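So the chains spell out like this:
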Amino acid sequence: MKSSKKSVLTSFLVPALVAIPLLVKKGIAQTTTTYQEKELPVLPTLDQQPDLTGLWYHINEKQVSLANTEFERLRAEYPAWRAPKDVITELDRINGRLKAAASAPAESPKNSNTAPLSAKPLSKPKQPTAEFLLEQFAQLNPAARQKTSENKLAQLGNLANTVGRSDFHLLIGWTSVDKGLFNQAIEQFNNALNTTTLQVERESAQQGLQRITTTRVQQALAAKNITLLKQYIGEGQKQELEQNKALAREIVLGSAWEYFDEKDYTYAHTLFSLLQHHEGQYISLTAQNLNDEAFELACSINTEVFLRRCADGLAERQASLYSQGAFQDSVNAGKQLQQIRPLTLEEYALLGWAAREYQDVNTATDAFSYALSKDPENTIYANELVKLHSGNEDKLSELAAEFSAVKAIQQQQITQTAWPRKQFLLAYLNGDNRSTTAQTKDALQVVYGVNTRSRSGLVGLGRFDVNSHYIGVGSEFNDWLWQVTFDYKQFYSGAPFVGDWFGDQQLSALNNTTSRPDFSGITGFEDTGIRAEASYQQEDYNFYVNLEYGMFDQPVDAALTGQVSLTKFLDKTTLAATAFRLPKQDSLLSNTGTFNNRHTDGWGYVLEDGVRVLAAHAVAPKWSVAGTAQVSRLTGDRVIDNNALAVRMDVSYDLASQVSPKLDYWRVGPFISYNGYDNNVSGFTYGNGGYFSPSMFLSVGAYSELLTLEAQQWQVRLRTTLAVSRVEQDDDLRFPLNDFALNDEDLVTTLGEDNNTGLSGNIMAEGQYRLSDNWIVAGYMGKSFAVEFEDFEAGIQIRWRAGKGNGVTSDELILSSPRLSGFAL
């Protein structure tokens with residue numbers, strides 16, 4: 001049986017082993033070479049006898065030249081080898097040295113390693129066996145075997161499966177390959193692998209399977225049959241199958257690169273995708289300008305090369321999406337890029353700008369903060385941080401403390417608005433050059449001043465004169481400007497005439513021969529007081545507060561007075577409000593209180609508690625409108641309570657630029673004002689407060705106010721008004737408080753009704769002059785007149801302040817103090 005098997009092997013094994021597939025794109029190619037050319041590893045026997053398989057193949061195939069060459073090669077390689085007689089006989093026969101039919105070859109000796117059946121004619125049994133039929137088929141030449149029908153070949157395959165010999169499996173397998181019956185061939189080659197113990201047979205079977213794989217894959221590639229290609233390159237379950245799958249993948253990969261070289265990028269990408277060959281997929285996508293798909297692929301692969309490509313794609317996307325206005329997507333791309341590698345300075349800035357566009361303040365802040373930390377002098381990044389937190393002073397202060405560029409921009413922005421708003425303290429504290437050059441706001445300051453006021457009204461006690469001396473000291477602390485002032489005041493009021501009602505009695509003549517009244521009350525006194533004030537300015541508001549106590553020894557016990565003011569600045573609108581409690585400074589009676597004629601009781605000292613508000617709006621360049629309103633309640637000791645309302649509307653036009661470059665502003669325009677009180681308590685009897693309190697005081701007129709430039713050595717402000725006024729005073733009771741009525745007639749006796757129309761107006765001039773670095777002198781003078789009274793006031797002040805300066809600003813004009821002007825402007 002061994003001899004028979006070897007004979008079959010020599011008939012088909014060597015052709016099988018030398019059938020090498022050529023990987024040819026879009027086609028099938030096959031070639032056959034000799035056993036020697038293939039140089040398959042056939043080992044010599046243990047007794048140093050050569051393998052005669054190839055030699056017998058050439059003899060059986062009558063390849064004379066090749067047989068002789070192989071024989072000589074064996075003799076040269078194995079000098080001690082003695083060729084078997086049957087080999088010598090067959091060589092002689094094919095070389096013509098013997099006749100083919102002269103004699104039959106002798107049996108191989110026991111030590112011969114092969115014995116060809118083709119040299120021994122088969123004796124046909126009466127009932128042929130499976131082995132006989134298969135050996136008979138093996139002795140056919142390749143051309144005859146290839147002409148065998150498919151049905152007969154299938155029958156022979158079944159016989160081979162029955163016999164279970166690996167050489168028969170290989171015989172049927174290779175014949176099936178030649179006929180294109182790949183499924184049958186695969187079955188036979190797998191059976192050969194399962195039955196053989198010889199390496200040469202195993203290699204033949206494997207090469208057969210590889211040949212089938214190569215052919216099938218090339219056919220599927222040519223037909224672009226993706227379904228079959230998926231099947232061929234799928235995972236195998238056996239080692240042999242896995243080897244074929246690997247071969248299929250190599251073939252597909254080679255074809256994919258060939259298609260790519262021929263610019264068939266679509267099909268090349270399909271093949272690369274089948275193989276999950278990431279590099280091929282990426283470059284075939286980019287070759288088709290499918291950048292989005294290439295980007296998604298790169299970001300799905302966690303390798304250094306593809307992460308770098310993903311990062312490059314994200315950087316491009318970040319910039320592209322921003323330019324397209326897709327700001328949130330641009331931010332997302334930047335954040336994804338940040339997870340792969342650190343952002344560049346420009347990428348951080350782009351992240352910040354995109355986040356700013358859709359109000360992601362935290363992301364924008366982090367981005368610009370990092371960018372600014374790397375480039376501290378970059379004003380663009382700093383400006384973005386300032387704009388992001390323009391309404392958050394705490395955050396701006398934090399950023400300003402961290403970044404000097406932010407602090408510089410913040411200060412510059414503040415001073416740009418602070419200067420036109422007359423917030424000179426704020427401008428100074430933020431380093432504005434005009435303010436710091438003009439004055440040293442945060443230095444110690446000492447002031448001394450003298451004021452006088454003379455009010456002429458009705459005869460008698462309608463006159464009221466006040467002279468004040470004061471000295472104050474102040475400075476700046478924690479951005480607050482403060483000052484404490486000590487006052488010394490002298491009050492004087494005219495004496496009443498005979499017949500005047502004063503307190504609870506009507507004054508009579510001292511004697512019948514003179515008109516001097518029998519009056520023993522006070523017409524004046526002097527006293528002291530103390531007051532303190534503080535102001536604070538921020539970018540969009542001003543705050544002011546003052547408290548005053550005095551005079552200490554006035555006829556009616558003094559009370560704590562003062563006011564609180566707040567001003568809010570908007571883009572084109574200014575809003576201000578003041579809450580106050582102040583003495584009514586119309587007469588000695590209303591301002592400090594006085595005694596009755598008998599010096600037994602004091603009354604008066606009218607305190608006015610109220611709120612005043614202001615709103616000013618710029619309606620156009622140089623044009624503005626403003627409105628003020630005040631509501632208050634007046635109370636005093638033994639004085640009837642009263643309510644008051646005051647409103648005023650102004651329209652103004654600034655013509656400074658048309659007049660002189662030395663003017664800061666010159667506002668002119670019309671106004672209308674109204675004052676009214678519930679009760680007329682102008683008299684001097686008990687229950688009356690001694691202050692001008694008409695039921696209506698209406699004025700319609702025009703006003704003008706100009707101011708010279710700021711930060712100069714000197715400065716002047718002029719204000720004037722002129723109006724037509726209508727005064728109406730009701731016929732109120734002489735004794736509004738019934739407790740002081742002398743008799744029944746006093747309960748109904750009135751002061752008399754008074755109505756009048758006339759001109760009213762005022763003029764006020766004030767100014768200041770810097771004498772040196774430390775000394776400034778300031779003063780004011782004004783005159784007012786109305787239907788019922790006249791008023792004159794003047795004052796002078798000298799200030800000493802440490803530090804240096806070469807100019808003055810309008811916030812330090814005497815009447816600009818919120819304590820006197822009524823608003824923290």
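Peer 1: Would you mind showing me how to read the overall build of the chain here?
Peer 2: Secondary structure summary: the chain contains 28 helices and 21 strands in total. Split into buried and exposed, the 825 residues of the chain put 46% on the buried side. Contacts in the chain between residues at least 24 apart in sequence constitute 59% of all its contacts with a sequence separation of at least 6.

Peer 1: I'm lost on the state of the cysteines in this one. Help?
Peer 2: When the sulfur atoms of two cysteines share a covalent bond, that bond is a disulfide. One pass over the full model with this rule turns up 1 disulfide. Paired by a disulfide, Cys299 and Cys310 hold their sulfur atoms 1.9 Å apart. Taking the torsion about the sulfur-sulfur bond, which here is approximately 95 degrees, the covalent link between Cys299 and Cys310 counts as right-handed. Here Cys310 lies in helix α17 (residues 304-323) and Cys299 lies in helix α16 (residues 291-299), a separation of 11 residues in the sequence. Take Cys299: its relative accessible area is 31%, and that puts it in the partly exposed class. Residue Cys310 is classed as buried on the basis of its relative accessible area, which comes to 3%.

Peer 1: Honestly, helix α21 (residues 379-388) in this entry has me stumped. Any pointers?
Peer 2: In an α-helix, one turn spans 3.6 residues; hence positions three or four apart end up facing the same way. Taken as a whole, α21 has its buried residues at Tyr381, Ala382, Glu384, Leu385, Val386 and Leu388. The inward-facing, buried residues of α21 contact α19 (345-357), α20 (361-374), α22 (393-402) and α23 (404-418). Capping the start of α21 is the job of one residue whose side-chain oxygen sits 2.9 Å from the backbone nitrogen of Ile380: Asn378.

Peer 1: Would you take a moment to explain the nonpolar core for this structure?
Peer 2: In summary, soluble globular proteins display a tendency toward joint burial of nonpolar side chains. Within the largest apolar cluster, 38 residues are counted, with the highest numbers of intra-cluster contacts made by Leu372, Leu385 and Val406. Leave out the neighbours within four places in its chain, and Leu372 touches Asn378, Tyr381, Ala382, Leu385, Phe403, Ala405 and Val406. Residues Ile233, Leu247, Ala248 and Val252 belong to the second largest nonpolar core, which totals 19 residues.

Peer 1: Looking at this structure, I do not really get the packing of aromatic side chains. What am I missing?
Peer 2: Within the structure shown, the criterion is met by 24 aromatic pairs. For the pair Trp603 and Tyr686, a centre-to-centre distance of 4.8 Å together with 75 degrees between the ring planes defines the contact as edge-to-face. Remark: Tyr686 occurs in the loop between β16 (663-677) and β17 (696-708) and Trp603 occurs in strand β13 (residues 602-620); sequence separation between them is 83 residues. Summarising the burial analysis for this pair, Trp603 and Tyr686 share the class buried. One aromatic cluster in this structure is built from Trp257, Phe260, Tyr265 and Phe272.

Peer 1: Is there a simple way to think about empty space enclosed by the protein in this case?
Peer 2: Any space left empty among the atoms is revealed by the rolling of a water-sized probe across them. Applying the stated criterion across every chain yields a total of 4 cavities of 30 Å³ or more. Elements with a minimum of two residues in the lining of the largest cavity: β3 (445-456), β4 (464-477), β5 (480-493), β8 (524-538), β9 (541-550), β21 (790-801) and α28 (818-821). It is β8 that provides the largest number of residues to the lining of the largest cavity, a total of 6 residues.

Peer 1: Just to check I follow, could you spell out the side chain of Gln630 for this structure?
Peer 2: Relative to the helices and strands, Gln630 is located in strand β14 (residues 623-637). Within the structure, Gln630 has its side chain in polar contact with the side chain of Glu608 (distance 3.5 Å). The contacts of Gln630, once residues within four sequence positions are left out, are Phe580, Glu608, Val611, Arg612, Ala644, Leu645 and Ala646.

Peer 1: Quick question: what am I supposed to make of the environment of Ala349 here?
Peer 2: Looking at where Ala349 falls in the secondary structure, it is placed in helix α19. Given a relative accessible area of 1%, Ala349 falls into the buried group. Taking C-alpha positions, Ala349 is 8.7 Å from Tyr370, a pair spaced 21 residues apart along the chain. Sequence-distant contacts of Ala349, that is, excluding residues within four places in its chain, are made with Phe368 and Tyr381.

Peer 1: What should I look at first to understand the confidence of the model for the chain in this one?
Peer 2: Residues at a pLDDT of 70 or more form 88% of the chain, whose mean pLDDT is 84. Low pLDDT, under 50, characterises residues 1-47; the predicted model gives this stretch 109 contacts beyond four residues in sequence or across chains.

Peer 1: Is there a simple way to think about the pattern of salt bridges in this case?
Peer 2: Proximity of charged atoms lets side chains of opposite charge pair with each other. According to the stated counting rule, one finds 37 salt bridges in the structure shown. Residue Arg317 is joined to Glu296 by a salt bridge in which the shortest nitrogen-to-oxygen separation is 3.8 Å. Remark: Glu296 occurs in helix α16 and Arg317 occurs in helix α17; sequence separation between them is 21 residues. Glu728 is the partner of Arg726 in a salt bridge, and the nearest nitrogen-oxygen pair spans 3.4 Å. Owing to a relative accessible area of 30%, Arg726 belongs among the partly exposed residues under this scheme.

Peer 1: Whenever I open this one, the pairing of β8 confuses me. Can you help?
Peer 2: The side chains of a regular strand alternate between the sheet's two faces. By the bridge criterion, 13 bridges tie β5 to β8 in an arrangement that is antiparallel. Following the sheet pairing, Trp480 is matched in β8 by Tyr536. When β8 meets β9, the two strands line up antiparallel, connected through 10 bridges. Paired with Arg531 across the two strands is Glu548, which belongs to β9.

Peer 1: Would you mind going over the packing of helix α9 (residues 166-179) against helix α11 (residues 199-223) with me for this structure?
Peer 2: Packed helices, taken two at a time, are described by the angle between their axes plus the distance between the axes. With their axes 10 Å apart at the nearest point, α9 and α11 run at an angle of 20 degrees to one another. With respect to their mutual orientation, α9 and α11 come out roughly parallel. As for how α9 packs across α11, the hand of that crossing is left-handed. In this structure, α9 uses Ser166, Asp167, Leu170, Trp174 and Val177 to contact α11, whose residues at the interface are Glu201, Ser204, Ala205, Gln207, Gly208, Arg211 and Ile212. Each residue belonging to the contact of α9 with α11 can be placed in one class, and the counts come to 5 nonpolar, 4 polar and 3 charged.

Cut-offs applied
- Residues numbered from 1 in each chain as written.
- Predicted model: local features only at pLDDT ≥ 70, side-chain atom pairs only at ≥ 80, totals over all residues.
- Heavy atoms only, no water.
- Helix = DSSP H or I, 4+ residues; strand = E, 2+ residues; numbered from the N terminus.
- Buried < 20%, exposed > 50% of the residue type's maximum accessible area, 1.4 Å probe, protein only.
- Contact = heavy atoms within 4.5 Å.
- Disulfide = S-S within 2.5 Å.
- Polar contact = N/O pair within 3.5 Å; in protein donor to acceptor, adjacent residues only side chain to side chain.
- Core = buried A, V, L, I, M, F, W, Y, C linked by side-chain atoms within 4.5 Å.
- Phe/Tyr/Trp six-rings, centres within 6.5 Å; stacked < 30°, edge-to-face > 60°.
- 1 Å grid on protein atoms, 1.4 Å probe; cavity = no way out; pocket = protein on both sides within 12 Å on 5 of 7 lines; lining within 4 Å.
- Points joined across faces, edges and corners; volume = space filled by probe spheres on them.
- pLDDT = per-residue confidence, 0-100.
- Salt bridge = Lys/Arg side-chain N within 4 Å of Asp/Glu carboxyl O.
- Pairing = 2+ DSSP bridges.
- Axes fitted to C-alpha atoms, helices over the stretch in contact; angles between N-to-C directions.
- Parallel < 35°, antiparallel > 145°, perpendicular 65-115°, else oblique.
- Left-handed = near helix turned anticlockwise from the far one by under 90°.
- Nonpolar A, V, L, I, M, F, W, Y, C, P; charged D, E, K, R; others polar.

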